[in-house]
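So you can see what is in the structure, the chains are spelled out below.
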Amino acid sequence: MAKKKAARKEGEKSISATIREIVAANPNLKAKEVAEQASKTTGKKVAVNLVYLVKSGTKNKATKKAKASGMKSVGNDSKLAAAIIRGMKFVEASGSIQEARKILDLLESAQ
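These notes cover the structure that comes with them. In every chain, residue numbers begin from 1 and rise along the written sequence. Local features in a predicted model are, by the rule used here, given only for residues with pLDDT of at least 70; side-chain atom pairs are given and counted only at 80 or more, and totals for whole chains, interfaces and linings are based on all residues. Calculated side-chain values reflect all of the structure's heavy atoms, with hydrogen atoms and water omitted.

Another aspect to go through is the overall build of the protein chain. Counting its secondary structure elements, the protein chain contains 6 helices and 0 strands. Counting from the amino terminus, helix and strand elements in the protein chain follow one another as α-α-α-α-α-α. Residue contacts are counted whenever heavy atoms from the two residues lie within 4.5 Å of one another. Contacts in the protein chain between residues far apart in sequence, at least 24 positions, make up 32% of those at least 6 positions apart. Approximately 9700 Å² of the protein chain is accessible, and the part contributed by carbon and sulfur atoms is 57%. Runs of H or I in DSSP of at least four residues are treated as helices and runs of E of at least two as strands, each being numbered from the N terminus. Only the protein chains shown count as cover for residues, and all accessible areas are computed by the Shrake-Rupley method using a 1.4 Å probe.

So, about helix 2 (residues 31–42). Expected span of a helix, by definition, is 1.5 Å for each gap between consecutive residues, and there is one gap fewer than residues. Over its 12 residues, helix 2 runs 16 Å from end to end, which matches the ideal 16 Å to within 8%, given 1.5 Å per residue. Working definition: with a 1.4 Å probe on protein chains only, accessible area under 20% of the residue-type maximum means buried, over 50% means exposed, and in between means partly exposed. Within helix 2 the residues assigned to the buried category are A31, V34, A35 and A38. An end-on view of helix 2 places all buried positions within 100° of arc, on one side of the element. Seen from the open side of helix 2, the exposed residues pointing more than 90 degrees away from its buried face are K32 and K40. In the stretch just after helix 2, G43 is the one whose phi turns positive, near 80°. Comment: arc refers to directions from the helix axis out to C-beta atoms.

The next point concerns the pattern of salt bridges. Within this document, salt bridges are pairs made up of a side-chain nitrogen of Lys or Arg and a carboxyl oxygen of Asp or Glu, the two lying within 4 Å of each other. Scanning the entire structure with this criterion turns up 2 salt bridges. As a salt-bridge pair, K13 and E21 come within 2.6 Å of each other at their nearest N and O atoms. With relative accessibility at 45%, the residue K13 sits in the partly exposed group. For E21, a relative accessible area of 41% puts it in the partly exposed group. The partner of E99 in a salt bridge is K102, and the shortest N-O contact between them spans 3.6 Å. Taken as a pair, E99 and K102 lie in helix 6 (residues 97–110) at a separation of 3 residues, close to a single helical turn. The exposure class of E99 is partly exposed, given its relative accessible area of 35%.

Before going further, it helps to examine the packing of helix 1 (residues 15–25) against helix 2. Closest axis-to-axis distance for the helix 1/helix 2 pair is 10 Å, and the angle between their directions is 125°. Classified by the interaxial angle, the pair formed by helix 1 and helix 2 is oblique. Of the two elements, helix 1 crosses helix 2, and the hand of that crossing is right-handed. Contact residues: I15, T18, I19, I22 and V23 in helix 1; V34, Q37, A38, T41 and T42 in helix 2. Angles run from 0 to 180 degrees between N-to-C directions of axes, and those axes are lines fitted to C-alpha atoms, restricted for helices to the stretch in contact. Oblique is the label for any angle not under 35 degrees, not over 145, and not in the 65 to 115 range, which are roughly parallel, roughly antiparallel and roughly perpendicular in turn. Handedness of each helix crossing follows the sense of rotation of the near helix against the far helix: counterclockwise by less than a right angle gives left-handed, clockwise gives right-handed.

Right, let's get into the packing of helix 5 (residues 78–94) against helix 6. A packed helix pair is summarised by two numbers, namely the angle formed by the two axes and the spacing between the axes. Across the interface, helix 5 lies against helix 6 with an axial gap of 8 Å and an inter-helix angle of 100°. The pairing of helix 5 with helix 6 is recorded here as roughly perpendicular in orientation. In contact with F90, V91 and S94 of helix 5, helix 6 contributes I97, E99, A100, I103 and L104. Residues are grouped as follows: nonpolar covers Ala, Val, Leu, Ile, Met, Phe, Trp, Tyr, Cys and Pro; charged covers Asp, Glu, Lys and Arg; every other residue, Gly included, is treated as polar. When the residues that make up the contact of helix 5 with helix 6 are grouped by side-chain class, the tally is 6 nonpolar, 1 polar and 1 charged.

Quick look at the nonpolar core now. Core analysis: the biggest nonpolar cluster contains 9 residues, these being I19, I22, A31, V34, A35, A38, V46, V51 and V54. Mapped onto this core, the elements with two or more residues apiece are helix 1, helix 2 and helix 3 (48–59). Ranked by the residues each element gives to this core, the list is headed by helix 2, at 4 residues. Not counting residues within four places of it along the chain, the set of residues in contact with V51 comprises I19, A31, V34, A35 and V46. As used in this record, nonpolar core signifies buried Ala, Val, Leu, Ile, Met, Phe, Trp, Tyr and Cys residues forming a set joined through side-chain atoms within 4.5 Å.

What follows is the structure in structure tokens.
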């Protein structure tokens, strides 16, 4: 069985909270420097990966909320991206968007 984590002492901050404070105070520090400062502050070894995780979690809260609310991400759909590129090439070949619409209207009426 896994060992239980020792409970935090009263008033003691988590390592993640310490990292957030350091990054907020010094946004230009590199991840390694933040990890070193957090290690000195907490007295525990802090991995650089944890710094990256904490920093990325603070940046992406808005996108996480958007995905949770049901908004669809368009960037990952390779078929849609390919269709958009083909459409752009079609507009370029026809000369303008108005000409491309005329061609599409003609094709639609022919069906």
